[in-house]
There are 2 protein chains.
Amino acid sequence: MPLIIIFVECGIELIPQNLEKFSSIRRKLSSQNYSTLILDNALHHSAMRILKNFEKRGRPDIAHICLLNALGSILNKKGYLKIYIHTINNRIFEINPVIRIAKNYNRFKGLMGKLLIDGAIKSENEYLISQFEGDLEKLISSFEKPEVLLFSRKGKQIKNFNDLFNNDIDKNYIAIIGGFQKGSFSKEIMKLSENLVSISKYPLEAWIVTCKIISFYEIFNKIE
Amino acid sequence: MPLIIIFVECGIELIPQNLEKFSSIRRKLSSQNYSTLILDNALHHSAMRILKNFEKRGRPDIAHICLLNALGSILNKKGYLKIYIHTINNRIFEINPVIRIAKNYNRFKGLMGKLLIDGAIKSENEYLISQFEGDLEKLISSFEKPEVLLFSRKGKQIKNFNDLFNNDIDKNYIAIIGGFQKGSFSKEIMKLSENLVSISKYPLEAWIVTCKIISFYEIFNKIE
């Protein structure tokens, strides 16, 4: 069975209209470049403070590093990983495991700008990123026997990684990782499962959690 | 004992003078911003083709992701990791484990620009990045009982990660990882050790190798 990873509440969005009153942002929006359409905390920090929930927003860098770690893994190369991105605005995207995602951050932002506007990224023959029509509950219930694990520092600490993925090979393990730097899962995310688990007593960044879970899964399933 | 990781032949350098004849590059150099001084394949691809060894150069993005994975690890947070960066121009930098390195790529490039010009990055009280005066052989011999492992797809394949770090707790394990996308270690790097090892039959990116080795070391030494 593949491991399913959903990066939730990722701070990937187009610059909201109510920020267009800032001259620095208006100037960038006129440049006709997809990457400049993406909200980015490193560029728009002061303007962003007027936004609700601003701490989770404007962080495409986090999803970028998480995706690089997930897509480059042996688990993915062997076809045992399914990856989804859920954004702060509740859009869900499925990532084709064969995608060669831009290593360069600015190009990645351009890709995300195009994705949010067009709703998909296609190559000649197939979708590289496609939108899932529905919410997270619908996505989860689309898998048979889903076992949802919410990874959070506030969860029950796992001492042995064998505890994470027990022996039921029929289960579809769904790892939910927050694609943000600060803060906790929203109420909507918390409703998805009662399995709130922590893999360390240290606060770990989303991409580190991604690495660790994938490594655990590879070792547990002898994928090498 | 801590694990020592040296990222070698990283494509981090200032834009070479012989590229200044390209008008696109001259314009950027005049902007007085550290990040624009750094050679970046994503921006300077066509101009770079005149450079010797260009495939390994202009790739600060690779070192960036490797550093984010290494610095964020539990191993580092517990003080069991020492990290060095060796550049394509044979400069060696020691990274203080407490550094909070920029998550944003463009800011990271700015940091690297300042580092290459000033030779160090300091906070009020301490060095966050400092230059090691000497070559890789001198660095390696500065550790007692060094056991140098060169990670390469061309190496002997390790089947069990316990084979990587055997029971000799007196040894200083030094993992050497190439900070480049394509190509093999240079002759100078290959001379450093006869232990050429591969952790997968797949070609893995440098940041994935970083994650895997750190995970192995954490599990082997029960660091959690």
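Quick caveat: nothing in here was measured; it's all calculated off a predicted structure.

K.L.:
Could you give an account of the sheet that holds strand β4 (residues 120-122) of chain A, with specific residues and numbers?
P.N.:
Residue and element names in this part refer to chain A. Spatial strand order, β4-β5-β3-β2-β1-β7-β6-β8: 8 strands in an open sheet with mixed pairing. The open sheet has two edge strands, β4 and β8 (196-198), and neither has a second partner. Strand-to-strand twist across the sheet, computed as the mean angle between neighbouring axes with direction ignored, equals 30°. With 4 bridges connecting them, strand β3 (residues 92-95) and strand β5 (residues 127-132) associate as antiparallel partners. Paired with Ile-92 across the bridge in β5 is Phe-132.

K.L.:
With reference to specific residues and values, describe the pattern of salt bridges.
P.N.:
Tallied over the entire structure, the rule returns 20 salt bridges over all chains. Here Lys-103 of chain A and Glu-205 of chain B are joined by a salt bridge, their closest N and O atoms 3.2 Å apart. Of the two residues, Lys-103 of chain A sits in the loop between β3 and α5 (105-118) while Glu-205 of chain B sits in the loop between β8 (196-198) and α8 (206-220), which places them in two different chains. With relative accessibility at 17%, the residue Glu-205 of chain B sits in the buried group.

K.L.:
Run through the state of the cysteines, naming residues and quoting values.
P.N.:
If you walk through the whole model with that rule in mind, you get 1 disulfide over all chains. For Cys-211 of chain A, the disulfide goes to Cys-211 of chain B, at an S-S distance of 2.3 Å. Here Cys-211 of chain B lies in helix α8 and Cys-211 of chain A lies in helix α8 (residues 206-220), a pairing that spans two chains. A residue is classified by how much of its surface remains accessible, and Cys-211 of chain A, at 10% relative accessible area, is buried.

K.L.:
Help me get a handle on the sheet that holds strand β3 (residues 92-95) of chain B, residues and values and all.
P.N.:
Residues and elements named next belong to chain B. With respect to topology, 8 strands assemble into an open sheet ordered β4-β5-β3-β2-β1-β7-β6-β8, the strand pairing being mixed. Edge strands, defined here as strands with exactly one partner in the open sheet, are β4 (120-122) and β8. Across the sheet, the mean angle separating the axes of adjacent strands is 30° when strand polarity is ignored. Note that β4 and strand β5 (residues 127-132) share 3 bridges and pair antiparallel. When the sheet's bridge partners are listed, Ile-121 is paired in β5 with Ile-129.

K.L.:
Outline the interface of chain B and chain A, supporting the account with residue identities and numerical values.
P.N.:
Contact residues are listed per partner, giving 35 residues for chain B and 35 residues for chain A. Across the chain B/chain A interface, buried area totals approximately 3,200 Å², and carbon plus sulfur atoms make up 56% of it. Per-residue buried area on chain B facing chain A is highest for Lys-103, Tyr-202 and Glu-224 of chain B; these three make up 18% of the total on that side. Where chain B meets chain A, there are 13 residue pairs in polar contact (both at pLDDT 80 or more). Among the elements that make up the side of chain B that touches chain A, the one with the highest residue count is α8 of chain B (7 residues). Residues that form the side of chain B that touches chain A fall into these classes: 14 nonpolar, 8 polar and 13 charged.

K.L.:
Outline the relation of the copies chain B and chain A, listing residues and values.
P.N.:
When chain B is brought onto chain A, the operation consists of a screw motion whose angular component is 180° and whose axial shift is 0.0 Å, with 0.0 Å RMSD remaining. Here the copies are linked by what is in effect a two-fold axis. By residue overlap, the copies meet face to face through one surface: 100% of the interface positions of chain B are interface positions in chain A.

K.L.:
Quick one: what's the story with the packing of aromatic side chains, residue by residue and with numbers?
P.N.:
Applying the stated rule across the entire model yields 8 aromatic pairs over all chains. For the ring pair Tyr-84 of chain A and Phe-143 of chain A, a centre distance of 6.2 Å and an interplane angle of 75° mean the geometry is edge-to-face. A residue pair is termed long-range when its members are at least 10 positions apart, and Tyr-84 of chain A in strand β2 (residues 81-87) and Phe-143 of chain A in the loop between α6 (136-141) and β6 (146-157) qualify at 59 residues. Classification of Tyr-84 of chain A as buried rests on a relative accessible area of 4%. A residue is classified by how much of its surface remains accessible, and Phe-143 of chain A, at 13% relative accessible area, is buried. Judged by centre distance (6.1 Å) and plane angle (85°), the rings of Phe-180 of chain B and Phe-185 of chain B are edge-to-face. Residue Phe-180 of chain B shares its accessibility class with Phe-185 of chain B, and that shared class is buried. Across the ring face of Phe-180 of chain A, the terminal group of Lys-56 of chain A is positioned such that the distance to the ring centre comes to 4.4 Å.

The rules behind each value
Here the residue index of a chain counts from 1 through its sequence in written order. Here chains are named by letter from A upward and ligands by number from 1 upward, in the order in which they appear as written. Local features in this predicted model are restricted to residues of pLDDT 70 or higher, and side-chain atom pairs are both shown and tallied only at a pLDDT of 80 or more, whereas totals for entire chains, interfaces and linings draw on every residue. Hydrogens and water are ignored here; the side-chain numbers use all heavy atoms of the structure. A pair of strands is considered paired only if DSSP assigns at least 2 bridges between the two. A run of DSSP states H or I qualifies as a helix once it reaches four residues; a run of E qualifies as a strand once it reaches two. Both are numbered from the N-terminal end. Every angle, taken between N-to-C directions, lies between 0 and 180 degrees, and every axis is a line fitted to C-alpha atoms, over only the stretch in contact when it is a helix. The term salt bridge refers to a side-chain nitrogen of Lys or Arg lying within 4 Å of a carboxyl oxygen of Asp or Glu. Only protein chains enter the calculation, and the probe is 1.4 Å; a residue is then buried if its accessible area is under 20% of its type maximum, exposed if over 50%, and partly exposed in between. When two cysteine sulfur atoms are found within 2.5 Å, that pair is recorded as a disulfide. Residues count as neighbours in contact if any of their non-hydrogen atoms are within 4.5 Å of one another. For any pair of parts, buried area is found by adding up, for both, the accessible area (1.4 Å probe) each one loses once the two are put together. N or O atoms within 3.5 Å of each other form a polar contact, as long as, within protein, one can give a hydrogen and the other can take it, and as long as residues adjacent in sequence are counted only when both atoms are side-chain atoms. Three classes are used: nonpolar for Ala, Val, Leu, Ile, Met, Phe, Trp, Tyr, Cys and Pro, charged for Asp, Glu, Lys and Arg, and polar for all others, with Gly counted as polar. Least-squares fitting of one copy onto the other uses the C-alpha atoms of those residues that reach a pLDDT of at least 70 in both copies. Ring pairs shown here join Phe, Tyr and Trp side chains whose ring centres sit within 6.5 Å, with only the six-membered ring taken for Trp; geometry is labelled stacked below 30 degrees between planes, edge-to-face above 60, and tilted in between. Only when the NZ atom of a Lys or the CZ atom of an Arg is both within 6 Å of the ring centre and within 35 degrees of the ring normal do we say a charge sits over the ring.

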